[in-house]
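Single-letter residue listing:
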Amino acid sequence: MEKKKYSSYAEIDRDLEILKLEKDINYQKLVLSFQRTKESITPQNIVNGFVSSYTDYFKNSYPQILQSILPFVINWFTNKKRGR
């Protein structure tokens, strides 16, 4: 990284002001991120995330579950019809 050469104090002050503003912006982003994280960690959101992950799992594995249970249900139903 090259060192910047300044020709006046005004240029130095301008760059320092830019750096200060960038620092303030980054600080506010950090504060906002912390607030959003704090708001997202509520019991309701934790439970909703837990339930939705299991809902997605069962929704995606529904055909596999159905294929494994269906033969037992058909067998039970046919045995019931025959009187066994």
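Small disclaimer: the values here were computed from a predicted structure and weren't measured.

Chemist: Outline the pattern of salt bridges, listing residues and values.
Modeler: Following the criterion strictly, the structure yields three salt bridges and no others. For lysine 4, the salt bridge goes to aspartate 15, with nearest N and O atoms at 3.0 Å. Placement of lysine 4 in the segment before helix H1 (9–40) and of aspartate 15 in helix H1 is noted, with a sequence separation of eleven residues between them. Of the charged contacts, one joins lysine 20 and aspartate 24 as a salt bridge, the two residues approaching to 3.3 Å between their closest N and O atoms. Remark: aspartate 24 and lysine 20 occur in helix H1; sequence separation between them is four residues, near one turn of the helix.

Chemist: Tell me about the confidence of the model for the protein, and name the residues and values.
Modeler: Overall, the predicted model of the protein reaches an average pLDDT of 84, with 87% of residues at or above 70. Of all secondary-structure elements in the protein, the lowest mean pLDDT belongs to helix H2 (residues 43–60), at 75, while H1 reaches the highest, 95.

Chemist: I'd like a description of a nonpolar patch on the surface, backed by residues and values.
Modeler: Taken together, the side chains of Ile65, Leu66, Ile69, Leu70, Val73 and Ile74 present a nonpolar region at the surface, about 480 Å² in accessible area. For isoleucine 74, the position within the fold is in helix H3 (residues 62–82). Look at isoleucine 74 and you get partly exposed, because its relative accessible area is 48%.

Chemist: Give a description of the side chain of aspartate 15 that names residues and reports values.
Modeler: Classification of aspartate 15 as buried rests on a relative accessible area of 14%. In contact with aspartate 15, other than residues within four places in its own chain, are Lys4 and Tyr6.

What counts, and at which threshold
Residues numbered from 1 in each chain as written. Predicted model: local features only at pLDDT ≥ 70, side-chain atom pairs only at ≥ 80, totals over all residues. Heavy atoms only, no water. Salt bridge = Lys/Arg side-chain N within 4 Å of Asp/Glu carboxyl O. Helix = DSSP H or I, 4+ residues; strand = E, 2+ residues; numbered from the N terminus. pLDDT = per-residue confidence, 0-100. Patch = residues over 30% accessible without salt bridge, like charges linked within 9 Å, V, L, I, M, F, W, Y side chains within 5 Å. Areas by Shrake-Rupley, 256 points an atom, 1.4 Å probe, with all protein chains shown as cover. Buried < 20%, exposed > 50% of the residue type's maximum accessible area, 1.4 Å probe, protein only. Contact = heavy atoms within 4.5 Å.

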